[in-house]
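# Fold and contact review
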Amino acid sequence: MAKRGKSGGRNSQRSAAGVIEVPKGTRPEGPVEGVYYIDTGDCELIADQDNSNGWLLKINGVMSSHIDLADPLFLDFEYMRWMAALIESRWPPASGQGGPKDSGPHRLRGLHLGGGACSLARYFHAAYPDARQVVVELDGKLAEYVRGWFDLPKAPLLRIRVGEAREVTETLTPDTRDFIIRDVFAGALTPRPLTTAEFNEHVRRVLAPGGLYVVNSGDAPDLKNAREDAATIAAAFEHTLIIADPAMLKGRRYGNMVMAGSDTPLDGDPKLARRLLGGAVPAHIWNDAQVRAFAAGSPVRHDPVTPSIAP
């Protein structure tokens, strides 16, 4: 039975429902196992039995994130490792992972659509300490919990903006982000408004030249959703790639593909392929031609057409 009270259970009483409620205006001080009410339902914080510094976060019953409090450069989810490898291939940290500063000509600017535990944002802060990142999280209560649980970097290094991902993206200034990561799910799939050609045009507008759009595309073995995602990204960007393990690419299991689009080539780094093959879950890269062949015949998604009203 979980606890309910201030600071995630400190000086608390047991709740008959087994859900921890933190009074509005207070912030949790460090992680405490339990199920917590959030604005969009509930989340569950679970201690990692295989890692004394690790915590798992479930949102509405779906595993969302993993955090290692002692090592921000440890990513437990393979698709996050693939995303990190891709971005580091484009912008190598100054002296390898965890280098003292961003090696690029300016501070790396990242936008994360979908927050969870902010695992990737925390990783990139460790790899690029001068980076400026914004995480867009729909659930304000979850954002408050995550700030208190995981001691995230403060603004302006990492800002959590509460809002709907598309609405926020549409308000952003052009050419202001080096990378945009889409990792938003409602159940097993990304909400459709974040997968359309019209949304991808907003992403292109916000990305700086040479910028990188990276998405987590979840799917069943039939790969219908992944093919449509790939077709829509390929219609918006001149260069694309897909990273996934062979079983997923062959449609043999449920899982995740990492897709990316850019206005500059993506598949010219042999070190990236070696790094992906050497991971705990070896992954392959499909280049632009393979992505377009995979997507061939699948429709490009569009926003619904609003019926015109006759005068």
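Below is a summary of the structure that appears in this document. (Residues numbered from 1 in each chain as written. Predicted model: local features only at pLDDT ≥ 70, side-chain atom pairs only at ≥ 80, totals over all residues. Heavy atoms only, no water.)

For the coordinates displayed, the defined rule picks out 11 salt bridges. Here E144 makes a salt bridge to K141, at a shortest N to O gap of 3.7 Å. Remark: K141 and E144 occur in helix α3 (residues 140-150); sequence separation between them is three residues, near one turn of the helix. In this structure, D229 and R301 form a salt bridge, with 3.1 Å as the shortest nitrogen-oxygen distance. (Salt bridge = Lys/Arg side-chain N within 4 Å of Asp/Glu carboxyl O. Helix = DSSP H or I, 4+ residues; strand = E, 2+ residues; numbered from the N terminus.)

With that settled, the discussion passes to the sheet that holds strand β15 (residues 284-286). A sheet is described by the order of its strands in space; here eight strands give the open sequence β10-β9-β8-β11-β12-β14-β13-β15, paired in mixed fashion. Two strands in the sheet have a free side with no partner beyond their single neighbour: β10 (158-162) and β15. Each adjacent strand pair in this sheet contributes to an overall mean axis angle of 20°, direction not counted. By the bridge criterion, three bridges tie strand β13 (residues 239-244) to β15 in an arrangement that is antiparallel. What sits directly across from A244, in β15, is H284. Relative to strand β9 (residues 132-137), helix α2 (residues 119-127) is tilted by about 175°, and along the sheet it contacts β8 (109-113), β9, β10 and β11 (177-182). Running over the sheet, helix α5 (residues 197-206) touches β8, β11 and β12 (207-219) and is turned about 145° from β12. (Pairing = 2+ DSSP bridges. Axes fitted to C-alpha atoms, helices over the stretch in contact; angles between N-to-C directions. Contact = heavy atoms within 4.5 Å.)

One open sheet holds the five strands; their spatial order is β3-β4-β5-β6-β7, and the pairing between them is mixed. Either end of the sheet is taken by a strand with one partner, and the two such strands are β3 (19-20) and β7 (62-68). As paired elements, strand β6 (residues 54-59) and β7 share six bridges and run antiparallel to each other. Counterpart to K58 in the pairing with β7 is M63.

Moving on to helix α6 (residues 224-236). Compared with the 18 Å implied by 1.5 Å per residue over 13 residues, the 19 Å span of α6 between its first and last C-alpha is a close match. Summarising burial for α6: 10 of the 13 residues are buried, a large majority. Taken together, the buried positions of α6 are N225, A226, E228, D229, A230, A231, T232, I233, A234 and A236. (Expected span 1.5 Å × (residues − 1). Buried < 20%, exposed > 50% of the residue type's maximum accessible area, 1.4 Å probe, protein only.)

Further remarks concern the packing of aromatic side chains. If you walk through the whole model with that rule in mind, you get 10 aromatic pairs. Their ring planes at 40° and their centres at 6.3 Å tell us that F124 and Y128 sit as a pair that is tilted. For F124, a relative accessible area of 1% gives the class buried. A network of ring pairs unites the aromatic residues Y36, Y145, W149 and F150 as a single cluster. Across from the ring centre of Y145, 5.5 Å away, lies the NZ or CZ of K141, which sits over that ring. Here the guanidinium or amino end of R204 rests over the ring plane of F237, the centre of that ring lying 5.8 Å away. (Phe/Tyr/Trp six-rings, centres within 6.5 Å; stacked < 30°, edge-to-face > 60°. Lys NZ or Arg CZ within 6 Å of the ring centre and 35° of its normal.)

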